[in-house]
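Analysis of the macromolecular model
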Amino acid sequence: MPDAPRHQCLIYDGAPSPHLDSIAQTLIARLDANYRCLYLNSPPMVAGMRSHLAAAGVDLQRQTERGALILSSDQGHLREGKFDVDRMLQMLQAALHRALADGFAGLWASGDMTWELGSESNLAKLHEYERRLDQFIEGNPAMSGICLYHRDTLPPHAVQTALQTHPARHVDASLWQINPQYYRQLS
């Protein structure tokens, strides 16, 4: 079976909490493979992820202290509440370099796109970000992640962006699907 594509999206309807277990199991697998794991989401979702990881037996204190696990609601990638593509990509690039310098095999990241966009919700920036993120991941084999798209909070063209910019759709911790709507942009 081929390796899972390193840039995936999870598109879902309804409450986000039912999908936490799948993301948590994927995160645990990356921790087990010696990746630094970064989960970015709203404070309630970060609390939910903590609960799922603890229930799965993850020693949260140990993983956090050793720098393997970062659960955050920090929105430092925003400028005055607005999504900044360059700042977000610079943050991920710096986090990847720190992870490798700290002896990790790489960086796995997951974030909710509604939360990441901030109050501005500029969807033109979302497409640019996902396109550039896909190029970044393609050029950095130690980087991987899952972008979370909550269909109830995003307009249909944002979901179309997800489908165009992710080589695979995350189904659960052990299953992914090749995304036939993906197209790789070289520039």
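The structure displayed is predicted, hence computed values, not measured ones.

Take the confidence of the model for the chain next. This prediction gives the chain a mean pLDDT of 88; 93% of its residues lie at or above 70. Per-element confidence in the chain ranges from a low mean pLDDT of 76 for strand β4 (residues 78-79) to a high of 98 for helix α3 (residues 60-65).

It is worth spelling out the environment of R50 at this point. In this structure, R50 sits in helix α2 (residues 43-55). Under the relative-accessibility criterion, R50 is labelled partly exposed at 37%. Between the C-alpha atom of R50 and that of L20, which follows or precedes it by 30 residues, the distance is 9.8 Å.

Now for the pairing of strand β1 (residues 7-12). The buried fraction of β1 amounts to six of the six residues, a majority that puts the element mostly inside the structure. Taking every second residue as pointing to the same face, both faces of β1 are buried, with H7, C9 and I11 on one and Q8, L10 and Y12 on the other. Note: β1 against strand β7 (residues 143-150), six bridges, orientation parallel. The residue bridging Q8 from the neighbouring strand is I146, located in β7. Taken together, the two bridges between β1 and strand β8 (residues 168-172) define a ladder with parallel strand orientation. Paired with C9 across the two strands is R169, which belongs to β8.

Reading the values: the criteria
- Residues numbered from 1 in each chain as written.
- Predicted model: local features only at pLDDT ≥ 70, side-chain atom pairs only at ≥ 80, totals over all residues.
- Heavy atoms only, no water.
- pLDDT = per-residue confidence, 0-100.
- Helix = DSSP H or I, 4+ residues; strand = E, 2+ residues; numbered from the N terminus.
- Buried < 20%, exposed > 50% of the residue type's maximum accessible area, 1.4 Å probe, protein only.
- Pairing = 2+ DSSP bridges.

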